[in-house]
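Spelled out, the chains give:
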Amino acid sequence: MKFFANYLLICILSGSCLILNPAFVLAQQDQDQKLKSLISELEAKIKDADKRMIAHPSFLEELRGLVEKYKSQIRVLFFKDSFKDGNYDKKPTWTVKSGDFSVNNAGHLSSFVAFGAHEAQTADQPGQNKSVEAEAVGLLIDSILGSSKKKETVQEPAPTPEPVQPASIYTKKTFPPAFEMNVKFKSSPKGEFDITLLGTNKLLPRYRLKIKADHSNEEPIEIIRESGTRSFTVGASDKFPVINDGKFHTLSWIRLTNGAMNVLIDGVRVLQTYEVFYRDDFTGFEVTNNGGSYKWDSFTIYKALKANTK
């Protein structure tokens, strides 16, 4: 009995070490499968020990509790794409809604959207863009020559700034309202991209996460709830780590069963809020480049773990 108890404890401790190791959080699906097999084997041995009465019932009950505790921590993967296959239209399938996207030689989904003209050029107007001396000389000449009528000047309308045409791409994938989405991206110094969670078979916008390259207190990262033609800001960031330094950064968007939402940049929480308006499964998500140059290395969606929001 003592030997069996020690064996089970060693197995349990080995399993717990795997789970508590930070590297395990980023493990691939095959590693999760190995852990599932370990837990299944332990469950079978506990059942056999209980049937043969070779271990104390209270000890077996403690082991069952540990198994259930660590079973709940297994990473359940709903979606993954790293674009290492050189495309975005196969396994999984992404659909371009507008603009241009490509996968570069390094296996990154890439998009560039030029900014619109923000400064409108205006034509010369009377009394504008002229020095005081020039205006005085003009008035003196008019008085000397005795001009009987003034020149009529036509004010040219200011050209409208050219609007930015965003580039959008989406993929269909069902995942629960409690999720953890991890996005590895690289941004240009200026720019903005959105991640929009979609719902129903019509892929309607539900929640939109807006990320500005030069985010600040005046222009924070925001979570916006979409409802038909109306939008509601439900959370804004209060920390602003640098993300436009030309390096890859990891964005994590986590939502728990109770509606708690957290956004992390490289493991540091920058936004925390609660939003329970939408409780149904999501049916996909959309990525939109609103201006700037972006590269996305990978997208993953897991079952949410409460421990990952700390």
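Data block above holds the structure.
Predicted, not measured: the structure shown is a model, and the values here were computed from it.

Calculation criteria
- What you see as residue numbers is a count from 1 along each chain, following the sequence as written.
- Local features are withheld for residues below a pLDDT of 70 in this predicted model, meaning they are given only at 70 or higher, and side-chain atom pairs are given and counted only at 80 or more; totals for whole chains, interfaces and linings count all residues.
- As a rule here, side-chain values come from all non-hydrogen atoms in the structure, and water together with hydrogens is ignored.
- Here, a salt bridge means any side-chain nitrogen of Lys or Arg that lies within 4 Å of a carboxyl oxygen of Asp or Glu.
- A run of H or I in DSSP becomes a helix once it reaches four residues, and a run of E becomes a strand once it reaches two; helices and strands are each numbered from the N terminus.
- We call a residue buried when its accessible area falls under 20% of the maximum for its residue type, exposed when it is over 50%, and partly exposed in between, using a 1.4 Å probe and counting protein chains only.
- Only buried residues count toward a nonpolar core, which is a set of Ala, Val, Leu, Ile, Met, Phe, Trp, Tyr and Cys residues joined through side-chain atoms within 4.5 Å.
- For this analysis, residues touch if any pair of their heavy atoms sits within 4.5 Å.
- Strands are treated as partners if at least two bridges between them are detected by DSSP.
- The rule is short: rings of Phe, Tyr and Trp, with Trp giving its six-membered ring, pair when the centres are within 6.5 Å, and they are stacked under 30 degrees, edge-to-face over 60, tilted in between.
- Any Lys NZ or Arg CZ found within 6 Å of a ring centre and within 35 degrees of that ring's normal is scored as a charge over the ring.

Trainee: Before we go on, may I ask you to explain the pattern of salt bridges in this structure?
Mentor: Overall, the coordinates contain twelve salt bridges when judged by the stated rule. Asp-48 serves as the salt-bridge partner of Arg-52, at 3.0 Å between the closest nitrogen and oxygen. Of the two residues, Arg-52 and Asp-48 both sit in helix α3 (residues 29-52), four residues apart, roughly one turn of that helix. Under the relative-accessibility criterion, Arg-52 is labelled exposed at 52%. The shortest N-O distance in the salt bridge between Glu-219 and Lys-212 comes to 3.8 Å. Among the residues examined, Glu-219 registers a relative accessible area of 40% and is labelled partly exposed. Through salt bridges that share partners, Glu-192, Asp-194, Lys-210, Lys-212 and Glu-219 make up one connected network.

Trainee: What should I look at first to understand the nonpolar core in this one?
Mentor: If you look at soluble globular proteins, the nonpolar side chains tend to sit buried side by side. If you look at the biggest cluster of nonpolar residues, it comprises 40 residues, and the most contacted ones within it are Trp-253, Phe-285 and Trp-296. Counting residues per element, this core draws most heavily on strand β14 (residues 282-303), at seven residues. Sequence-distant contacts of Trp-296, defined by excluding residues within four places in its chain, comprise Phe-83, Phe-101, His-108, Leu-109, Ser-110, Ser-111, Val-183, Lys-184, Phe-185, Phe-193, Val-287 and Asn-289. Counting residues in hydrophobic clusters, the runner-up holds eleven residues, among them Leu-42, Ala-49, Leu-60 and Val-67.

Trainee: Would you take a moment to explain the pairing of strand β4 (residues 109-113) for this structure?
Mentor: Look at any regular strand and the pattern is simple: side chains alternate between the two faces of the sheet. The buried fraction of β4 amounts to four of the five residues, a majority that puts the element mostly inside the structure. Across two bridges, strand β3 (residues 102-103) lies against β4 in antiparallel orientation. Among the inter-strand pairings, Ser-102 is bridged to a residue of β4, identified as Ser-110. Between β3 and β4, which pair antiparallel and follow one another directly, the connecting turn spans five residues, one of which, Gly-107, has a positive phi of 80 degrees. Inspection of the sheet shows β4 paired to β14 by five bridges, in the antiparallel sense. Bridging from a neighbouring strand, Ser-110 pairs with Lys-295 of β14.

Trainee: Would you explain the side chain of Ser-298 in this entry?
Mentor: Mapped onto the fold, Ser-298 is located in strand β14. In this structure Ser-298 comes out as buried when scored by relative accessible area, which is 17%.

Trainee: What's the story with the packing of aromatic side chains in this structure? I'm lost.
Mentor: Where two aromatic rings form a pair, the distance of their centres and the angle of their planes describe that pair. Within this structure, the stated rule accounts for 19 aromatic pairs. Taking 5.3 Å as the distance between ring centres and 50 degrees as the angle between the ring planes, the aromatic pair formed by Trp-94 and Phe-299 counts as tilted. In this pair, Trp-94 sits in strand β2 (residues 94-98) while Phe-299 sits in strand β14, placing the two residues 205 residues apart along the sequence. Overall, the relative accessible area of 2% leaves Trp-94 in the buried class. The interplanar angle of 35 degrees and the centroid separation of 5.5 Å between the aromatic rings of Phe-175 and Phe-282 together place this pair among those described as tilted. Residue Phe-175 is found in strand β5 (residues 167-175), and its partner Phe-282 is found in strand β14; the two are separated by 107 residues along the sequence. The class of Phe-175 is buried, set by a relative accessible area of 1%. On the basis of relative accessible area, Phe-282 is assigned to the buried category, the value being 1%. Every member of this aromatic cluster is reached through a ring pair, and the members are Phe-175, Phe-179, Tyr-207, Trp-253, Phe-277, Tyr-278 and Phe-282. Sitting above the plane of the Phe-248 ring, Lys-184 keeps its charged end 6.0 Å from the centroid. The aromatic ring of Phe-277 is capped on one face by Arg-225, whose charged end is 4.2 Å from the ring centroid.

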